[in-house]
Structures are given as C-alpha cells and as structure tokens.
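Residues per chain are reported as follows:
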Amino acid sequence: MSESPCLFCSVVRGEISATIVAETPECIAFRDINPQAPVHVLIIPREHIGSLNDATDAMTIGRLSLLAVEIARKEGIAESGYRTVINTNAAAGQTVFHVHLHLLGGRTLHWPPG
Ligand code: 5GP
Ligand code: ZN
C-alpha cells in the first residue's frame, strides 16, 4: 500500500505539497487545487481506499462527514450552508481514485448539480 502511486497517498506522505486545513490520526483535509467555490476542501482517509465502492468501514466514511462539519464551522459556512459530495467512478466524474469528500461553500450552490 505504501508503494501506491496514488496522488492523494502522496499528499498523506507529504511528498507533494497541499494547503492542509485539518489533520486527525485517520484523516487529512486540504484545499482543492482547482476550487469550484470560495471554500473547496478535500477530506480523505489516510488509508488508501480507491472509491466509495471499496469502503467497508462505517467509521472511516463517517469521519469524513464529521470532519467536514468541523471545517465548515471553522471556515464560517456552517450556518450559511455548504455541500458535501463524494464522486464515485466515471459517470460522477471521479478523477482521483483515493476516496475523498468535497466540502464546498461560500457561495450559493445550485441544484441539481451538473
Ligand atoms: P474528483 O473529480 O475525483 O471527485 O475530485 C478530484 C479533485 O482533486 C478535483 O477537484 C481536483 O481539482 C483535485 N486535485 C487534483 N489534483 C490535485 C492536487 O495535486 N492537489 C490538490 N490540492 N487537489 C487536486
Ligand atoms: Zn491513495
């Protein structure tokens, strides 16, 4: 697993730079390099899990959401509102195959998404 060429595993190992906004023993959160909203943070487990389809542990996935709430509060968007999204596989536009939760906010987000 530590041999993985995965981009987000490289972030976890500190091999590529990222603007980190939160770290826990199990998760790391950093700003998206191509933000789609004033607040756009990616929250990932340190453990490599390719997509939500590969997840088996409820705690691992649940922690992503709870850390998103914490960050939304710190970023001042918890009350105005925000969106959390996990894109899974091609039709949803997943491009990095290390499961990640997008936290988006700081502007009005439209529905349905594209
Ligand atoms: P996906 O499309 O897989 O749901 O989301 C992948 C996200 O990772 C995209 O929003 C993309 O902008 C972001 N991303 C891709 N490469 C990097 C990188 O090297 N650093 C950071 N911080 N974000 C990245
Ligand atoms: Zn990975």
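This structure is a prediction, so every number in the text was calculated from the model and none was measured. (Residues numbered from 1 in each chain as written. Chains lettered and ligands numbered in written order. Predicted model: local features only at pLDDT ≥ 70, side-chain atom pairs only at ≥ 80, totals over all residues. Heavy atoms only, no water.)

Novice: Could you give an account of the environment of Glu 26, with specific residues and numbers?
Specialist: Secondary-structure assignment places Glu 26 in the loop between β1 (20-23) and β2 (27-31). What makes Glu 26 partly exposed here is its relative accessible area of 34%. C-alpha of Glu 26 to C-alpha of Gly 93: the two residues are 67 residues apart in sequence and 25 Å apart in space. In contact with Glu 26, other than residues within four places in its own chain, are Ile 44, Pro 45, Arg 46 and Arg 63. (Helix = DSSP H or I, 4+ residues; strand = E, 2+ residues; numbered from the N terminus. Buried < 20%, exposed > 50% of the residue type's maximum accessible area, 1.4 Å probe, protein only. Contact = heavy atoms within 4.5 Å.)

Novice: Which residues make up the pairing of β1, and what values do they have?
Specialist: Here three bridges tie β1 to β2, and the two strands are oriented antiparallel to one another. Its bridge partner lying in β2, Ile 20 is registered against Phe 30. Between β1 and β2, which pair antiparallel and follow one another directly, the connecting turn spans three residues. (Pairing = 2+ DSSP bridges.)

Novice: Describe the coordination of the zinc ion (ligand 2), listing the residues and the values that go with them.
Specialist: At this site the zinc ion (ligand 2) is bound by Cys 6 (SG), Cys 9 (SG), His 48 (ND1) and His 98 (ND1), with donor distances of 2.0 to 2.3 Å. Here the zinc ion (ligand 2) is ringed by four donor atoms whose angles at the metal span 106 to 119 degrees, and the overall shape comes out tetrahedral. Positions of the donor residues of the zinc ion (ligand 2) along the chain correspond to the pattern C-x2-C-x38-H-x49-H. Taking the relative accessible area as the measure of exposure, Cys 6 reaches 9% and is therefore buried. (Donors = N, O, S within 2.8 Å, 3.2 Å for Na, K, Ca; no water. Tetrahedral: all angles 85-135°; square planar, octahedral: opposite > 155°, others 65-115°.)

Novice: Describe helix α2 (residues 58-75), naming the residues involved and giving the relevant values.
Specialist: The end-to-end C-alpha distance of α2, which contains 18 residues, comes to 26 Å, matching closely the 26 Å that a straight helix rising 1.5 Å per residue would cover. Buried within α2 are the following residues: Thr 60, Leu 64, Leu 67, Ala 68, Ile 71 and Ala 72. Buried residues in α2, looked at end-on, bunch into an arc of 145 degrees, giving them a common side. In α2, the exposed positions angled more than 90 degrees off the buried face are occupied by Ala 58, Met 59, Leu 66 and Arg 73. If you follow the buried residues of α2, they end up packed against β1, β2, β3 (39-45), β4 (82-85) and β5 (101-105). A positive phi of about 80 degrees marks Gly 76, the residue just after α2. (Expected span 1.5 Å × (residues − 1). Arc of directions from axis to C-beta.)

Novice: Give me the pattern of salt bridges: which residues, what numbers.
Specialist: Tallied over the full model, the rule gives four salt bridges. Glu 23 is the partner of Arg 46 in a salt bridge, and the nearest nitrogen-oxygen pair spans 3.2 Å. One end of the pair, Arg 46, is in the loop between β3 and α2; the other, Glu 23, is in strand β1, with 23 residues separating them in the sequence. With a shortest N-O distance of 2.8 Å, Arg 31 and Glu 75 are connected by a salt bridge. With Arg 31 in strand β2 and Glu 75 in helix α2, this residue pair connects regions lying 44 residues apart in the sequence. Given the relative accessible area of 33%, Arg 31 is considered partly exposed. Note on Glu 75: relative accessible area 29%, which makes it partly exposed. (Salt bridge = Lys/Arg side-chain N within 4 Å of Asp/Glu carboxyl O.)

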